[in-house]
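# Understanding the architecture of this molecule
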There are 2 protein chains.
Amino acid sequence: LEAQSSNLINGLCRQRNGLLSDVFEPESFQEQSHTVVRRLVEHLSDSSIKGLDLIDPAVLSKAAKDLMTSERDTIAAFDEKRLSEIVDLYIRTGIQVHSPGYLGRQFSGVIPLGGVVDFVSAVVNQPSSFYEAAQLPNVAERLMADELNQFIGWDPDSFAMVTTSGGSLANLTALLAARNKAFPDFWSHGSPAGSNAGSQAAEGQARPAIAVGADVHYSVSRAAGIIGIGESQIVRLPLNGDQQIRMDQVRPTLEAAEKRGLKVFCLVASAGTTSVGAFDPIGELGELARELNIWLHVDGAHGASLLVSDRLRHRLRGIEKADSLAWDAHKMMFVPAPCTLLFYRDKQDSLGAFRQHASYVFDEEPDPYTALDSGDKNFECTKRPMIMALWVLWAMHGRALFAEKIEQLCELTENLHQLLSGEPDFETVHRPEANILCFRYRPADLRDEDVHGFQVDIRNRIKHRGRFFISKVDIDGVAALRVVVMNHRITPEHFRLLLEEIRLVGSDLPAVAHEARSR
Amino acid sequence: LEAQSSNLINGLCRQRNGLLSDVFEPESFQEQSHTVVRRLVEHLSDSSIKGLDLIDPAVLSKAAKDLMTSERDTIAAFDEKRLSEIVDLYIRTGIQVHSPGYLGRQFSGVIPLGGVVDFVSAVVNQPSSFYEAAQLPNVAERLMADELNQFIGWDPDSFAMVTTSGGSLANLTALLAARNKAFPDFWSHGSPAGSNAGSQAAEGQARPAIAVGADVHYSVSRAAGIIGIGESQIVRLPLNGDQQIRMDQVRPTLEAAEKRGLKVFCLVASAGTTSVGAFDPIGELGELARELNIWLHVDGAHGASLLVSDRLRHRLRGIEKADSLAWDAHKMMFVPAPCTLLFYRDKQDSLGAFRQHASYVFDEEPDPYTALDSGDKNFECTKRPMIMALWVLWAMHGRALFAEKIEQLCELTENLHQLLSGEPDFETVHRPEANILCFRYRPADLRDEDVHGFQVDIRNRIKHRGRFFISKVDIDGVAALRVVVMNHRITPEHFRLLLEEIRLVGSDLPAVAHEARSR
C-alpha cells in the first residue's frame, strides 16, 4: 500500500512538473532505441523482392494524422505502440533499398554499421565545421582525405578536402571556387559582363561561361543559374555513342563559344553520368584544360568510388589532372545520405569559394585548433559530422569492403548486359562502365514512334505493381528503362524475373492501345 | 567434434566468400546497435558540468589513426572493442550539448527520441525530395507545415514549405526566389546590370541589391556573393541599442541606396539574431516592404521557434506580412542537425528559386504522387528525410513539449540577466529577448582600451580549462562574452559557478599583462 501511494505521489509530482524531464530520461531513450532496433533488424532480415508500396497521398496523410496526439496544452506522454506504428509505416512506405527488388536509383542500401555510427552523430549532435566543437570528425576528415587521395594521386601536402551536404552543394562550391578564381571581383561586384537577355556584353567584355558534357547532372546547369553565370552561358559538349564527351569536338566547341562572346572558365566532366554511368576522358580533358587555363571540375558523385578498386580505377584515368572532384560517399560507399567529399588539387583554391566575417564563430587569430576548421571552406555553418560513418567503416573493415562490393556490382552489371544481348525483344543502348544499365523493351510489333511512350508506360506499370523498382531516362531523346545495381545480393536470377515482369506488363500494353492513349 | 568441424568448414567458407555478407548481417547490426545504445545511455545519464576536452589535433590524429585497421587487401572483421573505443573518443572529444557546462552555442542537446528516429532514417535511407521514394516524410512535411503555419497565420491553401539542409541553404534559396522574381532573366542570363569593380552600371541600369539588418547572419551576405548580386550590393540597415533594425532609418537608407544606383529587391530581417537574439520589427518592415514592392525574408533560424509558445509568439508580431521565413528546427526545436524549414507566403514563389530538366528524376506528367515532390523546389537532389525527427516528436508529445522547453530557456535567460545586473563587476549589453545573453566582465581596474582583448582572453581561458563552454561576439566593435541557454537543466546556480570561473581566470589575467601581450 505504501509503495502504491508513493508511486501515486511520484506520478502526481511528475505530472505537475510537466513531462519535460521524462522526455529526456536516458531510460526512455534506451527503450525507444530497442524498439526501433528490433524493427530494423526485422527489416534488414527480410530478403523478399519488394518494389514500392505506393499509397495515395491523401490516404497516407490521413493515416499519419491519426498517429498524432490531439493534446495541445500539456506534453503528451510517450506511447511505445504509437512509435512502433510510425516506424512500421515509415519503413513500409519508402524505397526498399535493402531488397533485391530495388534496382532503380543510386541511393544506397547502407552498410548497417554506417547507420549505427550515424545514430551516434544524431544524438551527440556535434557540428563539424569547427574543430573545437567536433574534434574527432575534423580529424577523421583529414585521415579519410589522405586515404582517398592515395587513389587520386595529388601531392599530399597541397591538396584539400571538405565535406558537403550532398553532391549538388559540392558542384556548386567547386564552380564558385572556379568563378572567383577566374573573376576575382565577381564575389563583391557580381558579373563582370552583365548580359541582358538579348543585349550585347557590356563594354565588349566576354561573358563568363561553363562548358559541360551534354549529359551532365542537372545540379551543374542549375549551379550556373544560381551563381549568376546564367544558364544560357552553359556550353554543351557533344557526346559519343557511349555518352562520353567526344574529345575531337571539345576544342571546336570551345572556339565557337569564344566567337559568340563567351569566356569559358570552367569545364565540368562526369565520372559516371547519372543517366548511364558514363566516364568522360578525364586525362585528355585535364590536359586541354590546363593548356587553355580552364578549371576542370569532375562530377564523380556516382563514379569516383571506383577509384578504391584496383580493377576499376582506370575508368578515372588522369584524375590527377583535374582541379576539383565531387565524390558522394552516400552512393557507392554505402553510407547514410548525405556524405559528399569535395577534393581540390590545390588547397589555396579551396579557400576561394566563400568569404565571410562573423565574430561569433571565426576567431581573430588562427591557432593549431582553428587550423582544422572548415567553416570558411564549406557552405554550411551547422554541418552534420557526415564523415563519421565513412571513416568508422573504413577504420573497421578497410578499403577492401568498398572495393569488393563495388567490383561485385560492376561485374554483375556487365553480366546483365550480356544476358540482355541474348534476349531478342530487348535492346541495349550502351556498354555499361559501372553499375548502371539502360535498355529498352522492344517486342517485334512495337512501332518506332511508340518506343518512347511504351518505355514510360512500362516503368509506371512496374512501379505501381510494386514488385520491382526501376527508373527511366531519356537517351538521345527516347526513353529507356534504367537499372542501378546497388545491392550485392541481386543475382542474374532476380534480373530474369524483372525481364519477365516487363514482358508481362508489356503484353498488357499493346502498342496500339498505347498509341491511342498518347494522342 | 562434429559441431567443431562444421564450424570450421563454415568459417572457411565464409572466409572464401569474403566477409562482405557478414558486414550486412542483421545480427551484427543488432549487437553494434546495443553497444552504442549502452554508451549513449551512459552519456545521457551524465549530468556533470563539462566544457571542452580540447586535444591537440596532432595527438588526436595519432589516436584516431591507431584505431584504423592496417588490413588493405581483404575485409577486416568487425571488432566490438574498436567500435567502443571509437564511440568513446567521439563522444568525449565533442561539444557536450547535454551537459550544464554547455552554454556557448545554438546547437541543440537533442531530444533523445529525435535521435532515435533519425537512426531509422539513417538505416532506411529514403531520399525525401521525391514522394515515391519517401512517402511518409513527404506527407509528414505537409502535416508539419500545416501545424506550424497555424502560428504564422498564412492562408492554408496558398502557403508552401520545403525542408533544406541547414539555415544557410534556406536563406540562399529564399534570396534566389526573390532574385528570380524581381529579375526574371537573371537565371538564364546573369545579372541585368553587370557592375565591374568601380565602373558604372551598364546602360544606366540600377544594380540589384539586398538590404539587411546590420547584424544579419553571415550566410546572408555570403548568399549575395554566391548568387551574383555581389557582396558590395548589400545595404546595411542601422540598429538601435537592442541590436534591432531602427525603423526610422530604413526608408532614408533605402532612398540613399537608390541614389547610389542600387535597386533593392529584397530585405532580410532577423527573428533572433545570432549575436544577441534580437528580433527586428517584422510587422513594420513587412508593411514597408509591401509598399515598396520588396520581398521581405525573415531569417528566423534561431527565433522562429518562439512562434509555438503563446507567451513568446509576440516577438515575431507581423510575421504574416513576410514573404518567406527560414526556421531551423535543429536549434530551438531540439532535433538532430540539419533540419531547416523554409516557408513561403505564396506557393507560386516557392517554384521560382530553381529551374531544371532531368528525365531520370522528373516525370513528364504530374500525377497525385509527384504533386508532393519537392525536388523542383529545393536545392538538394538526394535529401535526407530530416522532417521525421521533428514530426514524430510533435506527433508523440504535441506542441507543448517545444513550447514548455522554449519558455523555460527564455525565462531562465531573463533571470540570468537580472542576476548579472546585481553584480557590479559585470556589464550587461542588451536586454535578452530570447535565450541568448551577452555581457562583459569589467573588474574595476580594467582600462577601457583593454576591454575587448580581455573578454577574448577570458573566453579562451574558459575554453581551455574545460569546465564551461561559452562563446564570444563583437558588439559595436567590442568583444562580449556570450551564453546561449539551450539546456533546460541549467540553473542560476550553474550560472553563478560560471561567473566564479570568469572571475578566477580574470584574476589570473591582469589587464596590464594583457596589454603587454596584445602589442
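Scroll up for the structure.
So, here is what we can say about the structure in this document. (Residues numbered from 1 in each chain as written. Chains lettered and ligands numbered in written order. Predicted model: local features only at pLDDT ≥ 70, side-chain atom pairs only at ≥ 80, totals over all residues. Heavy atoms only, no water.)

Bringing the nonpolar core into the picture now. Inside soluble globular proteins, nonpolar side chains tend to come together where they are buried. Core analysis: the biggest nonpolar cluster contains 292 residues, and Trp 327, Phe 343 and Trp 391 of chain A together with Trp 327, Phe 343 and Trp 391 of chain B have the highest contact counts within it. In this view, Phe 343 of chain A contacts Ala 145, Leu 148, Ile 152, Trp 154, Phe 159, Ala 160, Met 161, Asp 323, Ser 324, Leu 325 and Trp 327 of chain A; residues no more than four positions away in its chain are not counted. With 65 residues, the next largest nonpolar core counts Leu 175 of chain A together with Val 220, Ile 226 and Trp 295 of chain B among its residues. (Core = buried A, V, L, I, M, F, W, Y, C linked by side-chain atoms within 4.5 Å. Buried < 20%, exposed > 50% of the residue type's maximum accessible area, 1.4 Å probe, protein only. Contact = heavy atoms within 4.5 Å.)

Here we come to the relation of the copies chain B and chain A. Of the two same-sequence chains, chain B is brought onto chain A (RMSD 0.0 Å, axial shift 0.0 Å) by a rotation of 180°. Taken together, these values place the two copies in the relation of a two-fold axis. Comparing interface residues between copies, 100% of those in chain B also sit at the interface in chain A, which points to an isologous, same-surface contact. (Least-squares fit on C-alpha atoms with pLDDT ≥ 70 in both.)

This paragraph deals with helix α6 (residues 112-124) of chain A. Residues and elements named next belong to chain A. Relative to the 18 Å expected for 13 residues at 1.5 Å per residue, α6 spans 19 Å between its end C-alpha atoms, a close match to the ideal helical length. The buried fraction of α6 amounts to 13 of the 13 residues, a majority that puts the element mostly inside the structure. Of the residues flanking the end of α6, it is Asn 125, one or two places downstream, whose phi is positive at about 50°. (Helix = DSSP H or I, 4+ residues; strand = E, 2+ residues; numbered from the N terminus. Expected span 1.5 Å × (residues − 1).)

In a pair of packed helices, the angle between the axes and the distance between the axes together describe the arrangement. Residues and elements named next belong to chain B. Taken N-terminus to C-terminus, the directions of helix α11 (residues 247-259) and helix α12 (residues 282-292) make an angle of 25°; their axes are 10 Å apart at the nearest point. On the basis of their axis angle, the class for α11 and α12 is roughly parallel. α12 is crossed by α11, and the crossing has right-handed handedness. For the pair α11 and α12, contact is made by Met 247, Val 250, Arg 251 and Leu 254 and by Glu 284, Leu 285, Leu 288, Glu 291 and Leu 292, respectively. Of the residues belonging to the contact of α11 with α12, the class tally is 6 nonpolar, no polar and 3 charged. (Axes fitted to C-alpha atoms, helices over the stretch in contact; angles between N-to-C directions. Parallel < 35°, antiparallel > 145°, perpendicular 65-115°, else oblique. Left-handed = near helix turned anticlockwise from the far one by under 90°. Nonpolar A, V, L, I, M, F, W, Y, C, P; charged D, E, K, R; others polar.)

Below, the discussion takes up the interface of chain B and chain A. Each partner contributes to the interface: chain B provides 174 residues, whereas chain A provides 174 residues. Counting across the interface, chain B meets chain A through 12 salt bridges. A salt bridge links Asp 73 of chain A to Arg 399 of chain B, with the shortest nitrogen-to-oxygen separation between them at 3.5 Å. At the junction of chain B with chain A, the criterion picks out 55 residue pairs in polar contact (both at pLDDT 80 or more). For the side of chain B that touches chain A, the leading source of residues is helix α3 (residues 26-45) of chain B, giving 13 residues. Tallied by class, the residues present in the side of chain B that touches chain A amount to 87 nonpolar, 54 polar and 33 charged. (Salt bridge = Lys/Arg side-chain N within 4 Å of Asp/Glu carboxyl O. Polar contact = N/O pair within 3.5 Å; in protein donor to acceptor, adjacent residues only side chain to side chain.)

We now examine the packing of aromatic side chains. Residues and elements named next belong to chain A. Applying the stated criterion across every chain, the model contains 29 aromatic pairs over all chains. Between Tyr 131 and Tyr 369, the ring centres sit 6.1 Å apart and the planes meet at 20°, which makes this aromatic pair stacked. Of the two residues, Tyr 131 sits in the loop between α6 and α7 (135-152) while Tyr 369 sits in the loop between α14 (347-350) and α15 (387-397), which places them 238 residues apart along the sequence. One aromatic cluster in this structure is built from Phe 426, Phe 439, Tyr 441, Phe 454 and Phe 495. The cationic tip of Lys 405 hangs over the ring face of Phe 334; the distance from NZ or CZ to the ring centre is 4.4 Å. (Phe/Tyr/Trp six-rings, centres within 6.5 Å; stacked < 30°, edge-to-face > 60°. Lys NZ or Arg CZ within 6 Å of the ring centre and 35° of its normal.)

For the rest of this paragraph, the subject is the pattern of salt bridges. All names here are of chain A. Taken as a whole and judged by the stated rule, the model has 80 salt bridges over all chains. We note a salt bridge from Arg 38 to Glu 80, for which the minimum N-O separation is 3.6 Å. With Arg 38 in helix α3 (residues 26-45) and Glu 80 in helix α5 (residues 80-92), the pair connects residues that are 42 residues apart, well separated along the chain. Overall, the relative accessible area of 33% leaves Glu 80 in the partly exposed class.

Moving on to α3 of chain B. Every α-helical turn comprises 3.6 residues, leaving residues that sit three or four positions apart pointing alike. Here α3 of chain B contains 20 residues, and its C-alpha end-to-end distance of 28 Å stays within 8% of the 28 Å for a straight helix at 1.5 Å per residue. All buried positions along α3 of chain B are accounted for by Pro 26, Phe 29, Gln 32, Ser 33, Thr 35, Val 36, Val 37, Leu 40, Val 41, His 43 and Leu 44 of chain B. Where α3 of chain B is buried, its residues touch α3 and α6 of chain A together with α5 (80-92) and α6 (112-124) of chain B.

Looking now at the sheet that holds strand β11 (residues 478-484) of chain B. Strand pairing in a sheet is mediated by backbone hydrogen bonds. Such pairs are either parallel or antiparallel. All names here are of chain B. Here we have 4 strands laid out as an open sheet, ordered β8-β9-β11-β10, and antiparallel in their pairing. If you trace the sheet from one side to the other, it starts and ends with β8 (426-428) and β10 (471-475), each paired once. This sheet shows a mean twist of 45° between the axes of neighbouring strands, independent of strand direction. When strand β9 (residues 436-441) meets β11, the two strands line up antiparallel, connected through 4 bridges. Its bridge partner being in β11, Phe 439 is matched across the sheet by Leu 481. Across the sheet, helix α18 (residues 492-507) lies against β8, β9 and β11, angled at about 30° from β9, the strand it touches most. (Pairing = 2+ DSSP bridges.)

Before going further, it helps to spend a moment on unusual backbone geometry. All names here are of chain A. Going from Ala 337 to Pro 338, the amide bond is cis rather than trans, its omega being -10°. Within the element layout of this structure, Pro 338 appears in the loop between α13 (329-332) and β7 (340-344). Here the phi dihedral of Asn 293 falls at roughly 60°; this positive angle occurs in a residue that is not glycine. Note on placement: Asn 293 falls in the loop between α12 (282-292) and β5 (295-299). Even without a glycine there, the phi angle at Phe 334 is positive, about 65°. By the secondary structure assignment, Phe 334 is in the loop between α13 and β7. Since its relative accessible area comes to 0%, Phe 334 is described here as buried.

Residue and element names in this part refer to chain A. Counted residue by residue, strand β2 (residues 207-213) has 7 buried out of 7 residues, so it is predominantly covered. Alternating residues of β2 divide into Arg 207, Ala 209, Ala 211 and Gly 213 and Pro 208, Ile 210 and Val 212, and every residue in both groups is buried. Two elements, β2 and strand β4 (residues 262-270), share 6 bridges in a ladder whose sense is parallel. Its bridge partner lying in β4, Ala 211 is registered against Leu 267. Pairing between β2 and strand β3 (residues 234-237): 4 bridges, direction parallel. Note that in β3 the partner of Val 212 across the bridge is Arg 236.

Our next topic: the pairing of strand β1 (residues 160-164) of chain B. Residue and element names in this part refer to chain B. The element β1 is largely enclosed, with a buried count of 5 among its 5 residues. Of the two faces of β1, the one lined by Ala 160, Val 162 and Thr 164 and the one lined by Met 161 and Thr 163 are each fully buried. The sheet contact formed by β1 and strand β7 (residues 340-344) spans 5 bridges and is antiparallel. Residue pairing in the sheet places Thr 164 in a bridge with Thr 340 of β7.

Bringing the sheet that holds strand β10 (residues 471-475) of chain A into the picture now. Residue and element names in this part refer to chain A. Within the open sheet, the 4 strands sit side by side as β8-β9-β11-β10. Their pairing is antiparallel. The open sheet has two edge strands, β8 (426-428) and β10, and neither has a second partner. The average undirected angle you get between the axes of adjacent strands in this sheet is 45°. Pairing analysis gives 5 bridges linking β10 to strand β11 (residues 478-484), with the strands arranged antiparallel. Bridge pairing in β11 places Ser 471 opposite Arg 482. Across the sheet, helix α16 (residues 399-421) is in contact with β8 and β9 (436-441); its angle to β9 comes to roughly 15°.

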